[in-house]
Amino acid sequence: MCSSEVPGPYRNDSSDGRAPSGGRTRTDDGGRRVLAYPPAPEPLPVAVMDNHTHLDFQDGPVQVSIGAALDAAESVGVKGAVQVGTDLESSRFTVAALDLDRRLLGAVALHPNDAPELAAAGTLEAALDDIESLAAHPRVRAIGETGLDYFRTDAPGRPDQRYSFGRHIDIAKRLDLALQIHDRDAHQDVVATLHSEGAPETVVFHCFSGDEDLARICNDNGWYMSFAGTLTFKNADNLRRALAVADPALVLVETDAPFLTPHPFRGRPNASYLVPYTVRAMASELDADLSELCGRLAANTEAVYGSWD
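Asker: Quick one: what's the story with the packing of aromatic side chains, residue by residue and with numbers?
Answerer: For any pair of aromatic rings, the description consists of the separation of the ring centres together with the inter-plane angle of the planes. Enumeration over the complete set of coordinates arrives at eight aromatic pairs. Judged by centre distance (6.4 Å) and plane angle (65°), the ring pair of F205 and F208 falls under edge-to-face. The exposure class of F205 is buried, given its relative accessible area of 2%. Relative to W308, the ring of Y305 has its centre 6.4 Å away and its plane inclined at 80°; by these criteria the two rings are edge-to-face. Accessibility assignment for this pair places Y305 and W308 in one class, buried. Ring pairing ties together the aromatic residues F205, F208, W223 and F227, which thus form one cluster.

Asker: Can you break down the packing of helix 4 (residues 124-134) against helix 5 (residues 158-175) residue by residue, with the values?
Answerer: Where helix 4 contacts helix 5, the axes come no closer than 11 Å and their chain directions differ by 25°. Classed by the angle they form, the pair helix 4 and helix 5 counts as roughly parallel. For the pair helix 4 and helix 5, the crossing hand works out as right-handed. Counted together, L124, E125, L128, D129 and E132 of helix 4 and Y163, S164, R167, H168, I171, R174 and L175 of helix 5 form the full contact between these two elements.

Asker: Can you break down the pairing of strand 4 (residues 140-149) residue by residue, with the values?
Answerer: Counting buried positions along strand 4 gives ten out of ten residues, so the element sits mostly inside the fold. In this structure, strand 3 (residues 104-108) lies alongside strand 4, joined through three bridges in parallel fashion. Residue A107 lies in a different strand from strand 4, and its bridge partner there is A142. One ladder, built from six bridges, connects strand 4 with strand 5 (residues 178-184); its direction is parallel. In the sheet register, T146 faces strand 5, and the bridge partner there is I181.

Asker: Quick one: what's the story with helix 8 (residues 237-245), residue by residue and with numbers?
Answerer: Along helix 8, the positions that sit buried rather than exposed are L239, R240, A242 and L243. Down the axis of helix 8, the smallest arc covering the buried residues is 160°, so these residues share one side. If you follow the buried residues of helix 8, they end up packed against helix 7 (212-221), strand 7 (224-227), strand 8 (251-253) and helix 9 (275-286).

Conventions adopted
- Residues numbered from 1 in each chain as written.
- Predicted model: local features only at pLDDT ≥ 70, side-chain atom pairs only at ≥ 80, totals over all residues.
- Heavy atoms only, no water.
- Phe/Tyr/Trp six-rings, centres within 6.5 Å; stacked < 30°, edge-to-face > 60°.
- Buried < 20%, exposed > 50% of the residue type's maximum accessible area, 1.4 Å probe, protein only.
- Axes fitted to C-alpha atoms, helices over the stretch in contact; angles between N-to-C directions.
- Helix = DSSP H or I, 4+ residues; strand = E, 2+ residues; numbered from the N terminus.
- Parallel < 35°, antiparallel > 145°, perpendicular 65-115°, else oblique.
- Left-handed = near helix turned anticlockwise from the far one by under 90°.
- Contact = heavy atoms within 4.5 Å.
- Pairing = 2+ DSSP bridges.
- Arc of directions from axis to C-beta.

This is the structure in structure tokens:
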């Protein structure tokens, strides 16, 4: 359900809608690149938070400020977000952003796909030390996104990924922070690493990508599962099965913006103001009261990250 046109800061009234240099390419039937932001959804009855977003990643033909992005989200019932770093540059952006707007909390880390390159350059240890220093900011509440990615990293680079993951786990435990996990095609090894290293008290599987078996493992260990727009994709039966068995006290919602825009806008840019599409899909799948689900999601999110106040 849509409540309005595209929010003001996301409109592209002055151009033809084509991607700027560096934007993602998505084509319609005529071969034209379509990167216009989707319309705003109907506001949620109870405000929630976007558990994972990347405000520093530009997508689509417009550049939106931090404040404008959060204003658009707040107007539809998304009252806060977790800004997530994936390397030193974006982690420094995250820390700076936390001082600009109180509607943000932060997470900082090195993405697993960067670990082999950093190790080969001899800079991985120094980068990890810098991440730990950035994590000292009081509004950084998580180490992430970190984990394992066997989709983009082949076997020779995986030992460096596993080492980096272990070091991030150690930082999270010593600083008493949550751990946001990136897990792509590596479920078994992610779980094994958490057990062998000793998981932090609070673990979040960002953009949960498993099935009901992984959901049950998360239930057994008290690990949170954060569902993104992928839940709405037609080929995502595994995610819907996982949501059905997930402990309601361990379920979160996110965008992973500007990626993973929910159906029916898949392929177009994502932003925190689009969270309600995913929340409504979750309510439909669970046959749940929307207000009660929103309240649960908000409470779960604060259980992980603490208060935004």
